[in-house]
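# Per-entry structural report
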Amino acid sequence: MPSKIRKSAVSARKSKNKKEDFYSDMESVAESDKKEDVLLTPPSGMGSLAEYGHPDDILPMVLTSATQELFGCRADEDVTGDNPYKLLRKDDIVQDMKTRAAVSDFSPVKQIVLDYPEDEILLVFDSDFTYGQSFYLVLTPEAKERILGLPSPALEAGDEEAVEDEVSEVFVQKSPEPQPWISLGSELEIEGESVTESRSKLSYRFSRIRREFGAPVHFSDRNVADAKDGFIECTPYQDPNFSIKQMERHCGVQAISTVQSSSTQTQWKYPKNMCTQYEPREFSEEEKERLLQSENLKNFINSVASRFDIAIQQNEIMDVFFDDLKALSEEDSGFGGKTDTHLKEYQSFTDLNYSKEKTISDIKWHPTINGVIAVAMTERVSFEERIDHSTKLLLNPSLILFWSFSDPINPQLLLECPDDVFAFEFCPSDPNIIVGGCMNGQVVLWDISAHSERLLGMQAGSGKNTSVNAHAFKDFEEKRESETPVVRYSAVSAIENSHKAPITDVQWLPETFEVTRMGVPVENNNNVCVQLVTCAPDCCVMFWDIRASQRVTPVTDRKQRVDEKILENPHGVPETFRHLDLIWKPLVRVALPKIDNSGEYSPLKFSLEDNSCDSHTGSNADRAHLHAERSEVAPEYGLLRAPSAKTLKPLEDINTKLYVGTEEGGLVYTDWKLEKDNDTGRLHSTKPTHCFNVHDGPVNTVRRSPFFKDIVLTVGGWTFAIWKEGVTVGPVMRSSCSQEMCTVGYWSQSRPAVFFIGTEDGNVEVWDLLEKSHEPSQVQNVSPVKITCIKPCIVSSKQHLLAASDELGTLHILEIPWTLRRPSSNEKLSMSKYFEKDVDRLLYFSKRKKMQAQEKRHMEAEEIRKKTEAIVPEKSLEQMEQEISKEYDDYCSLEEAILRDMALPSDTLNSTSDLSLFFLQSSSHTHAHMHTYTHNRTL
């Protein structure tokens, strides 16, 4: 660096003009290494660079973000202050000027670019705004060589020698000369810290009599008092100093039984064709008669008859078909047994192009094909970042990826989405029909019928059908095509009639019924799923119908349909839902008004009673077989027409209530039926029946148990809760606040007592209510970032998988161990009793709270009554004496009347008079005590 500055000074001294001196300084500095930071400042007495303009061979420019993105020269990303140079192809600049004409940033230098003799033009990023703009374009090859530091013409002889002399003076390197050691006292500190022996070592010698070696050991009792320190304490508690837990231990055990091959039959050296004829060996009639009449047989029967009776009675009492070995293995394989109880990593999927800087918002296993799973990829950006980088996001379309175990590197199918999809679902009647909810509030439909053979693993051109039942994991090793097809969506809803917020949940209505415009369930004559439900935080739940209205006339002529498809559908999009594209409107809109005050709830997730997972607990092979039977009679969706509601029969046994999880952490129980206003006659949504504010964060999961239709699992914030439909006093079970936020939850598809919870720190918690209810049975880390989705799948009776996705866009496939997929005996009955017991507990506590509140109100009312009640004045002493005298006179009159009626002699009357006198004296004595008590109370 000093050489460069000195060289600039030499050039400046030999120049005549200040302005020329300054530019010569800049050129000399540019010839140096571009990685070094050189501060270009004008000489003293000069102003800033802006005052002198710029050299004639460069041109300052302003490049827009679109031009920077197009030519790969984004400021502070592609070009920086340390690496400011970018070579642009002349042909690319000419093509940009032809394409964008006057809009192009290079249009002012069009003629200079055309006359440029070389193929590459130098563009420099001016981070310090030396020439007033952020970029400048080098217009001549000589200036490009000068700026890039290429070999330049030789300097004048005198200048070059002067510069070399000055450089040699600055950069003279001398070898270091050895200097004598000067002690500063550090060696004393080192000696003080070192350990030295201060005394001589002790030596001990242990000896034993030779004849005692190998002698037998004799144990005997002894008195503790006879020997010193003979008392040995046996503490009644565990000493923590001697209970060290061994965290990990490596050991090798070989437990293989000895194998021995042996044979019991004679070797077959000479094979021959032979035949044998035999007949059963039986007793003759005389022998049978003799044995039946023998005394030995009679004695034997009499001796064993009692034992036969006992055996027959035991067979009547006990279950002879009970498998003891099966029960023994189930007992041995529980938690704490020798079998493996942890989730194992089976497979993982990620893509460098489609998963980069994206997260997985939803995952779904293919309903009928084993080993195929679909994931929805969304941008991992905030709302503000999405607005700032909207142009960049348009260049990266949103996709749904189909992964297969046969190819864990390349996705098998791509579904193009109009916007990021947060929820999608396969149609239960036809897995080739997929519905999704977009971030902009639109509902989108796909038809992947043309690519179903690719997902099934059929070889192109083979013409052989692969049975779905035989499609197991052994077929996953088949080779697939390298190119991944992209499927465009068939229809999308009208933006003005869609949700006003991102769709967070979508579900198909069961094929057993459909809903009219008033929300009334009616019979479904098509016996296929034709309606779906969506929800979004815009405070409403919408019902959609995928059939065309009666006014749309179907095109039955096949030739006409093909011609129209060629003319109007150049992208080859299936015509299944052409009648819905951009004109699709919701059938029913259900609002969620608040119960207590004005306003509405913001739904995130919902659950219908008839949308439980009872039909999904089987394997993919069973569902594929059921779908194959239905597909023989199911009509095409493009030919279905929505019938009139007047011709359909209403269904009374359909439950129209649904649970809705809100953005505020509440659980709303409401009815989707619409009511008619008596005054205006308009249809409006009813107010929810109940609202429970349990969770301390947005509800991300509302999932019904696959074994109990009335049991619902909700997850939100740092807690989860289990609810029973019909119980209005609160959740049946509520967890305590965990250390990490709960992001998702899902029930096990094979065990009624097990469910999985995903957390923000990348763990998957396994809860087994039969084992523990206050903490998870096991916690396993899957990813370093939070878990976004969980979805189990039953591949076969011997293999269950759990799909878990994380925020980085990686899909992890875990294998569920035998203990978590094999239910214990009567587990469903035990869980049913468990829930009933918790319901009784809730009702008891609810009644107890009501009684306590009622007693509290009575006590408060009694205290108020006592405070407001008038105080009765106490009786005086004279009034009390008069009352007693009156009572005594009445008693004497009654006594005299009774004695006269009994005709007793006069002495009896005198004795009774004495008794009366005694009673009077006793009454006076009692009165005196009462008077004293009254006086003390008054004081």
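One can find the structure itself at the top, above this paragraph.
A brief report on the enclosed structure follows. Owing to the predicted nature of the structure, the values given are computational and were not obtained by experimental measurement. (Residues numbered from 1 in each chain as written. Predicted model: local features only at pLDDT ≥ 70, side-chain atom pairs only at ≥ 80, totals over all residues. Heavy atoms only, no water.)

Along the backbone of the chain there are 20 helices and 37 strands. Within the span of the chain, comprising 939 residues, buried residues form 37% of the whole. Contacts spanning at least 24 positions in sequence make up 64% of the contacts within the chain whose residues lie at least 6 apart. Carbon together with sulfur atoms contributes 52% to the accessible area of the chain, which is approximately 61100 Å² in total. (Helix = DSSP H or I, 4+ residues; strand = E, 2+ residues; numbered from the N terminus. Buried < 20%, exposed > 50% of the residue type's maximum accessible area, 1.4 Å probe, protein only. Contact = heavy atoms within 4.5 Å. Areas by Shrake-Rupley, 256 points an atom, 1.4 Å probe, with all protein chains shown as cover.)

A sheet is described by the order of its strands in space; here four strands give the open sequence 21-22-23-26, paired in antiparallel fashion. Of all the strands in the sheet, just strand 21 (603–608) and strand 26 (690–693) have a single pairing partner and so form its edges. Here the average twist between neighbouring strands, direction ignored, is 20°. Pairing of strand 23 (residues 666–671) with strand 26 involves four bridges; the strand directions are antiparallel. Residue pairing in the sheet places valine 668 in a bridge with cysteine 691 of strand 26. (Pairing = 2+ DSSP bridges. Axes fitted to C-alpha atoms, helices over the stretch in contact; angles between N-to-C directions.)

Our next topic: the sheet that holds strand 30 (residues 733–734). The four strands are arranged 27-28-29-30 in an open sheet whose pairing can be described as antiparallel. The outermost strands of the open sheet, each flanked by one partner alone, are strand 27 (699–704) and strand 30. Inspection of the sheet shows strand 29 (residues 719–724) paired to strand 30 by two bridges, in the antiparallel sense. Looking across to strand 30, one finds that isoleucine 722 is bridged to methionine 733.

Together, Leu292, Leu297, Phe300 and Ile301 make up an exposed nonpolar region whose accessible area comes to about 380 Å². If you tally residues by element for the nonpolar patch, the top one is helix 10 (residues 295–317), at three residues. (Patch = residues over 30% accessible without salt bridge, like charges linked within 9 Å, V, L, I, M, F, W, Y side chains within 5 Å. Salt bridge = Lys/Arg side-chain N within 4 Å of Asp/Glu carboxyl O.)

A few words on the pattern of salt bridges. This structure, assessed with the given rule, holds 25 salt bridges. Between aspartate 768 and arginine 751 there is a salt bridge whose closest N-O contact spans 3.1 Å. One end of the pair, aspartate 768, is in strand 33 (residues 763–768); the other, arginine 751, is in the loop between strand 31 (742–747) and strand 32 (754–759), with 17 residues separating them in the sequence. The exposure classification of aspartate 768 matches that of arginine 751, with both residues buried. Shared partners join several salt bridges into a network, and the residues in it are Glu69, Arg74, Glu77 and Asp78.

Okay, the environment of isoleucine 409 next. Structurally, isoleucine 409 can be placed in the loop between strand 8 (398–404) and strand 9 (413–417). In sequence terms isoleucine 409 and threonine 350 are 59 residues apart; their C-alpha atoms lie 7.2 Å from each other. Every residue in contact with isoleucine 409, bar those within four places of it in the chain, is listed here: Thr350, Asp351 and Trp403.

Looking now at the packing of aromatic side chains. Counted by the stated rule, this structure contains 20 aromatic pairs. Judged by centre distance (5.2 Å) and plane angle (70°), the ring pair of phenylalanine 720 and phenylalanine 755 falls under edge-to-face. With a gap of 35 residues between them, phenylalanine 720 in strand 29 and phenylalanine 755 in strand 32 connect regions that are remote in the sequence. Owing to a relative accessible area of 2%, phenylalanine 720 belongs among the buried residues under this scheme. Following the ring pairs from residue to residue traces out a cluster consisting of Tyr346, Phe349, Trp365, Trp403 and Phe405. Just above the ring of phenylalanine 424 sits the side chain of lysine 364; from NZ or CZ to the centre is 5.5 Å. Over the ring of tyrosine 489 we find arginine 488, and its NZ or CZ is 4.8 Å from the ring centre. (Phe/Tyr/Trp six-rings, centres within 6.5 Å; stacked < 30°, edge-to-face > 60°. Lys NZ or Arg CZ within 6 Å of the ring centre and 35° of its normal.)

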